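Residue strings, one per chain:
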Amino acid sequence: MSQPSGFQMPKPVLAIEGLTVSFDGFKAVDDLNLYIDRNEVRVVIGPNGAGKTTVLDLICGKTKATAGSIQFENRELTKMREFDIVRAGVGRKFQNPSIYENLTVFENLEMSYPKGRKVFGALFFKRSAEVIARVEQIAAEIMLTDNLYLQADLLSHGQKQWLEIGMLLMQDPALLMLDEPVAGMSVNERMQTAELLKRISKGRSVLVIEHDMEFVKSIAHKVTVLHQGKVLAEGSMEAVQSNPKVIEVYLGH
Ligand SMILES: Nc1ncnc2c1ncn2[C@@H]1O[C@H](COP(=O)(O)OP(=O)(O)OP(=O)(O)O)[C@@H](O)[C@H]1O
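Not measured: the values here are computed from a predicted model. (Residues numbered from 1 in each chain as written. Predicted model: local features only at pLDDT ≥ 70, side-chain atom pairs only at ≥ 80, totals over all residues. Heavy atoms only, no water.)

### Describing the packing of aromatic side chains
- Counting across every chain of the model gives 1 aromatic pair.
- Measuring from centroid to centroid gives 5.7 Å for Phe106 and Tyr149, while their planes differ by 15°, and the two rings are stacked. Pair noted here: Phe106 is in helix α3 (residues 105-112) and Tyr149 is in the loop between α4 (129-141) and α5 (157-169), with a separation of 43 residues, a long-range link.
- Note on Phe106: relative accessible area 3%, which makes it buried. (Phe/Tyr/Trp six-rings, centres within 6.5 Å; stacked < 30°, edge-to-face > 60°. Helix = DSSP H or I, 4+ residues; strand = E, 2+ residues; numbered from the N terminus. Buried < 20%, exposed > 50% of the residue type's maximum accessible area, 1.4 Å probe, protein only.)

### Topic: the sheet that holds strand β2 (residues 26-36)
- Strand order in the open sheet formed by 4 strands is β2-β1-β4-β5, with antiparallel pairing between adjacent strands. The open sheet is flanked by β2 and β5 (75-76), the only strands paired with a single partner.
- Relative to β2, strand β1 (residues 14-23) runs antiparallel, the two being bridged by 7 bridges. Pairing of Ala15 across the sheet is with Tyr35, part of β2.
- Contacts from helix α1 (residues 52-59) reach β1, β2 and β4 (67-72) within the one sheet, and its direction differs from that of β1 by about 110°. (Pairing = 2+ DSSP bridges. Contact = heavy atoms within 4.5 Å. Axes fitted to C-alpha atoms, helices over the stretch in contact; angles between N-to-C directions.)

### Some remarks on the nonpolar core
- Core analysis: the largest hydrophobic core is formed by 48 residues, its most contacted members being Ile45, Leu109 and Leu163.
- Here this core gets 6 residues from one element, more than from any other, and that element is α5.
- Those residues in contact with Leu163, other than ones at most four positions away along the chain, are Ile99, Val105, Asn108, Leu109, Ile142, Leu144, Ala152 and Leu155.
- In terms of nonpolar packing, the next biggest core, distinct from the first, is built from 30 residues, Val13, Cys60, Ala88 and Leu226 among them. (Core = buried A, V, L, I, M, F, W, Y, C linked by side-chain atoms within 4.5 Å.)

### Focus: the sheet that holds strand β9 (residues 222-227)
- Taken in spatial order, the 6 strands make up an open sheet running β6-β7-β8-β3-β9-β10, and their pairing is mixed. A single partner strand is all that each edge strand has here, and the edge strands are β6 (90-93) and β10 (230-235). Strand after strand, the sheet turns through a mean of 20° between neighbouring axes, direction not considered.
- Sheet analysis places strand β3 (residues 41-45) next to strand β8 (residues 205-209), joined by 4 bridges and oriented parallel. Counterpart to Val44 in the pairing with β8 is Ile209.
- Sitting on the sheet, helix α9 (residues 244-251) is in contact with β3, β9 and β10, with an inclination near 120° to β10.

Shown next, in the form of structure tokens:
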């Protein structure tokens, strides 16, 4: 059915088209198309070596594409440097948290505020009401309000992961990418992380790589299955789980 005149589909926040990267002739990502909307939690799954991490590396500029385009809010990321991609609003969390263990939760968050204190700028830094309010707001979001003045090395593994998510949130990214965010977490922490990701997807896009199917089920609006650098299947968790091709290459193992 055609749309009424004047109706426009909302543009995806992230539009990846024909994305390809070759490492010595081996295509780790091969003519990939991927579209992610605002308010969406998308999970990318697939067997080891499918190209999942490489896709995140391409989006954040760590790896340069051989061909194709990555449009993020109308900007072409394949032509930008890593630092500028962060400034454009793309945040990425790696598997191991990179927090300052000897600083408090408050200081870690404060450090990540775009206009906040920098490691070597402490001497001239005046804590503004704006920074404090933002730190408190993010601490509540990541469930660390009661731990604000605790040194970060005393947090549990799960809390350290949340702190790093909070540090990314301080910069208010429009796209947040997370690589296996619940690895090593307790069941309880996994459930809380699922709620956290649902909360933070409001107003932004969240792209997650994950192997834990129970967790995927609890967060994904849509699942993309990668295999040999290409999209093997895409859709709801139910559709993907019952897809014979997906069972053959991934879920059946
Ligand atoms: N810099 C690189 N140089 C050469 N080959 C690479 C490079 N980065 C990735 N690859 C290869 O590309 C393929 C895809 O790797 P990638 O890490 O993206 O897979 P993945 O789906 O994230 O796997 P896993 O689930 O094991 O993390 C693998 O065969 C990997 O060896």
